Amino acid sequence: QVQLIESGGGLVQAGGSLRLSCAASGRTFRSAAMGWFRQAAGKEREFVGGSGWSGGNTRYGDSVKGRFTISRDNAKNAVNLQMNSLKPEDTAVYYCAASFGTLPYSDVVMSTKYDYWGQGTQVTVSS
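Residues numbered from 1 in each chain as written. Predicted model: local features only at pLDDT ≥ 70, side-chain atom pairs only at ≥ 80, totals over all residues. Heavy atoms only, no water.

Trainee: Tell me about the pattern of salt bridges, and please be specific about residues and values.
Mentor: It is possible for side chains of opposite charge to pair when their charged atoms get near one another. Going through the model one piece at a time under the given rule, you end up with four salt bridges. The closest approach of N and O atoms between Lys-65 and Asp-62, which form a salt bridge, is 3.5 Å. You can call Lys-65 exposed: its relative accessible area is 52%. Two residues, Asp-90 and Arg-67, come together in a salt bridge whose shortest N-O distance is 2.8 Å. Remark: Arg-67 occurs in the loop between strand 6 (59–60) and strand 7 (68–73) and Asp-90 occurs in the loop between strand 8 (78–83) and strand 9 (92–99); sequence separation between them is 23 residues. Of the two residues examined, Asp-90 and Arg-67, each falls in the buried class. Each of Arg-38, Glu-46, Arg-67 and Asp-90 takes part in one network of salt bridges that share partners. (Salt bridge = Lys/Arg side-chain N within 4 Å of Asp/Glu carboxyl O. Buried < 20%, exposed > 50% of the residue type's maximum accessible area, 1.4 Å probe, protein only. Helix = DSSP H or I, 4+ residues; strand = E, 2+ residues; numbered from the N terminus.)

Trainee: Just give me the short version of the packing of aromatic side chains, but keep the residues and values in it.
Mentor: Scanning the model with the defined rule gives five aromatic pairs in all. Judged by centre distance (5.6 Å) and plane angle (70°), the rings of Phe-37 and Phe-47 are edge-to-face. One end of the pair, Phe-37, is in strand 4 (residues 33–39); the other, Phe-47, is in strand 5 (residues 46–51), with 10 residues separating them in the sequence. Here Phe-37 matches Phe-47 in class, with each residue buried. Measuring from ring centre to ring centre gives 5.9 Å for Phe-100 and Tyr-116, while their planes differ by 70°; the resulting arrangement is edge-to-face. Placement of the pair is Phe-100 in the loop between strand 9 and strand 10 (116–117) and Tyr-116 in strand 10, with a sequence separation of 16 residues. One aromatic cluster is present, formed by Phe-37, Phe-47, Tyr-114 and Trp-117 through successive ring pairs. (Phe/Tyr/Trp six-rings, centres within 6.5 Å; stacked < 30°, edge-to-face > 60°.)

Trainee: Could you give an account of the sheet that holds strand 8, with specific residues and numbers?
Mentor: The strand order 1-3-8-7 describes an open sheet built from four strands, whose pairing is antiparallel. Looking along the sheet, the strands with just one partner apiece sit at the ends: strand 1 (3–7) and strand 7. The mean angle between the axes of side-by-side strands here comes to 20°, regardless of whether they run parallel or antiparallel. Looking at chain direction, strand 1 and strand 3 (residues 18–25) are connected through five bridges and run antiparallel. (Pairing = 2+ DSSP bridges. Axes fitted to C-alpha atoms, helices over the stretch in contact; angles between N-to-C directions.)

Trainee: I'd like to hear about the environment of Trp-36, residue by residue, with values.
Mentor: In this fold, Trp-36 is placed in strand 4. Separated by 15 residues in sequence, Trp-36 and Ser-51 place their C-alpha atoms 9.5 Å apart.

Right, here's the structure in full:
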């Protein structure tokens, strides 16, 4: 069974940066579609960013575009989420997700398309 484990969450001041990591066991990320989602208390799950099964371009949610960057570390079988210029509105539990099925670029925003999820890591941004 594939396991995804997020790490790197914590408390940071507004304007600061954090880097989250999602490490996989069981299968390689190389050919998988990968996504990051977040869920703030009392709110719906929100798409942060992700890339389709074919790799290449990464899609980002409008609220984080230009501030967050997703990258893959194939040597560590991990995917990272670099978060810069953090705002209090970014406070949420962040989840990574993977799909090993056919998931095109246009569908990476859909949480229901993913097969595996990490347990989440809390990010809190203070004002």
